[in-house]
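Structural overview
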Amino acid sequence: MHYAIVGHDRPESLPARQAARPAHLDRLLALRDAGRLLLAGPFPAIDALDPGPAGFSGSLIVAEFESQEAAKAWADADPYLAAGVYERVDVRPFRQVLP
């Protein structure tokens, strides 16, 4: 089943996000390579593709896991959480309808 993982950034977390990004992307690439990643990306803090110093307000990952507990365990090990980028992470079941 797919699960939506929504990370909510702490204020002023852009420097920590930038530092932890390579490790964060490595984990996403592993999900992609395993055929389990549906989509992933950040939420710009302003209405712009490149928000510059405004940074991001969070991230969305939708991926396949064996269970919600497995998705939560994966999310809990995210480098963004360890680096203090995220103030909280929500994990919810997701059912894709379209496309």
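The sections below set out a description of the structure shown in this document. Computed from a predicted structure; not experimentally measured.

Definitions and limits used
Residues numbered from 1 in each chain as written. Predicted model: local features only at pLDDT ≥ 70, side-chain atom pairs only at ≥ 80, totals over all residues. Heavy atoms only, no water. Helix = DSSP H or I, 4+ residues; strand = E, 2+ residues; numbered from the N terminus. Contact = heavy atoms within 4.5 Å. Phe/Tyr/Trp six-rings, centres within 6.5 Å; stacked < 30°, edge-to-face > 60°. Buried < 20%, exposed > 50% of the residue type's maximum accessible area, 1.4 Å probe, protein only. Polar contact = N/O pair within 3.5 Å; in protein donor to acceptor, adjacent residues only side chain to side chain. Pairing = 2+ DSSP bridges. Axes fitted to C-alpha atoms, helices over the stretch in contact; angles between N-to-C directions.

Next up on the list: the environment of valine 6. Among the structural elements, valine 6 can be located in strand S1 (residues 2-9). With 28 residues separating them along the chain, valine 6 and alanine 34 place their C-alpha atoms 21 Å apart. Setting aside residues no more than four positions away along its own chain, valine 6 makes contact with Phe43, Ser59, Leu60, Arg88, Val89 and Asp90.

On inspection of all chains with the given rule, the structure shows two aromatic pairs. Ring geometry for phenylalanine 65 and tryptophan 74: centres 5.8 Å apart, planes at 50°, overall tilted. An identical accessibility class is assigned to phenylalanine 65 and tryptophan 74; each is buried. Between the aromatic rings of tyrosine 80 and tyrosine 86, the centroid separation amounts to 5.5 Å while the plane-to-plane angle is 85°, which identifies the pairing as edge-to-face.

Here the focus is the side chain of serine 13. For serine 13, the position within the fold is in the loop between S1 and helix H1 (14-33). Among the residues examined, serine 13 registers a relative accessible area of 6% and is labelled buried. There is a polar contact of 3.0 Å between the side chain of serine 13 and the backbone oxygen of arginine 10.

What follows concerns unusual backbone geometry. Of the consecutive residues leucine 98 and proline 99, the connecting peptide bond is found in the cis state with omega at -5°. Among the structural elements, proline 99 can be located in the segment after strand S4 (86-94). Its identity as a non-glycine residue notwithstanding, glutamate 12 has a phi of 60°, on the positive side. Within the secondary structure layout, glutamate 12 lies in the loop between S1 and H1. A residue is classified by how much of its surface remains accessible, and glutamate 12, at 78% relative accessible area, is exposed.

This part takes up the sheet that holds S4. Across the sheet, four strands lie side by side as S2-S3-S1-S4; this open sheet has antiparallel pairing. Edge positions in the sheet fall to strand S2 (37-44) and S4, since each has one partner strand and no second. Between one strand axis and the next, the sheet turns by 15° as a mean value, whatever way the strands run. In terms of strand pairing, S1 meets S4 through eight bridges, oriented antiparallel. Bridge pairing links histidine 8 to arginine 88 in S4. Together, S1, S2, strand S3 (56-64) and S4 form the strand contacts of H1, whose direction differs from that of S3 by roughly 10°. Running over the sheet, helix H2 (residues 68-76) touches S1, S3 and S4 and is turned about 155° from S4.

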